[in-house]
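Topology and contacts: notes
The chain contents come next:
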Amino acid sequence: MSSDPWKLSEHDVSRLNDSLERCVRKPEFLERFYDLFLKSSEDVRNMFVGTDFRRLKRQLKHSLYVMLLAASGNEEAWREMDARAVRHDRNHLNVRPPLYELWLHCLVTAVSECDAKCDPDIERIWRTVMRRGIEYMIERY
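Residues numbered from 1 in each chain as written. Predicted model: local features only at pLDDT ≥ 70, side-chain atom pairs only at ≥ 80, totals over all residues. Heavy atoms only, no water.

Some thoughts on unusual backbone geometry
Note: most residues except glycine have negative phi, and most peptide bonds are trans. Positive phi, close to 55°, is recorded for N94, a residue that is not glycine. Summarising the element assignment, N94 is placed in the loop between α5 (75-88) and α6 (98-114). (Helix = DSSP H or I, 4+ residues; strand = E, 2+ residues; numbered from the N terminus.)

Now the structure itself:
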């Protein structure tokens, strides 16, 4: 699986996992992300009308771990990525491709605010992994 373009180095996996752990230990992390994301676009706000945000925050937390595991080469995580891509495609939730860039920007901003050890390298790793996940979702849109 060394030719897998998603697979990260052990160093990057470790740094991302540590950052993710620091973030999710803070309740304000997911709050801050959704605050930023909802303020980023009227389209985003409209997509989330009537949403159960407690459930959505649990799903996002799980999705971040899935993307990390996929980047580590985990086959089960890949299967879950497939299911999430279908759920978000034009025939289901219809998450249009341009919204993913807003999502990424808001996520990295929330990470930088909530992870006391965040540095440019950690931001790079977050962007790399999440952008790969975004590309995967867009390919299946």
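A look at the packing of helix α2 (residues 27-40) against helix α4 (residues 53-71)
To characterise two packed helices, one gives the angle between the axes of the helices and the distance between these axes. Two elements in contact, α2 and α4, have axes whose closest approach is 11 Å; the angle formed by their N-to-C orientations is 105°. Of the possible angle classes, the one that applies to α2 and α4 is roughly perpendicular. Residues F29, L30, E31, F33, Y34 and L38 of α2 lie in contact with α4, whose contacting residues are F53, L56, K57, L60, K61 and L64. Its residues placed into classes, the contact of α2 with α4 shows nine nonpolar, no polar and three charged. (Axes fitted to C-alpha atoms, helices over the stretch in contact; angles between N-to-C directions. Parallel < 35°, antiparallel > 145°, perpendicular 65-115°, else oblique. Contact = heavy atoms within 4.5 Å. Nonpolar A, V, L, I, M, F, W, Y, C, P; charged D, E, K, R; others polar.)

Quick look at the nonpolar core
Core analysis: the largest hydrophobic core is formed by 46 residues, its most contacted members being F29, F33, L64, W103, W126 and M130. Counting residues per element, the ones that place at least two in this core are α1 (10-24), α2, α4, α5, α6 and α7 (120-139). The element contributing the most residues to this core is α6, with ten residues. If sequence neighbours within four positions are ignored, W103 has contacts with F33, F37, L60, L64, M130 and I134. (Core = buried A, V, L, I, M, F, W, Y, C linked by side-chain atoms within 4.5 Å. Buried < 20%, exposed > 50% of the residue type's maximum accessible area, 1.4 Å probe, protein only.)

Here we look at α2
Taking 1.5 Å per residue, 14 residues should reach 20 Å; α2 reaches 21 Å between its end C-alpha atoms and fits that length. Along α2, the positions that sit buried rather than exposed are F29, L30, F33, Y34, L36 and F37. One side of α2 holds all its buried residues, which, seen down the axis, span an arc of 160°. Exposed side of α2, more than 90 degrees from the buried face: P27 and K39 are the residues found there. Of the surrounding secondary structure, the elements contacted by the buried residues of α2 are α1, α3 (42-47), α4 and α6. (Expected span 1.5 Å × (residues − 1). Arc of directions from axis to C-beta.)

Some remarks on the pattern of salt bridges
Counting across every chain of the model gives 14 salt bridges. Among the salt bridges present, the one from R124 reaches D121, with a minimum N-O distance of 2.8 Å. Of this pair, R124 and D121 both sit in helix α7, three residues apart, roughly one helical turn. Salt bridges here are not isolated pairs; linked through shared partners, they connect D12, R15, D119, D121 and R124. (Salt bridge = Lys/Arg side-chain N within 4 Å of Asp/Glu carboxyl O.)

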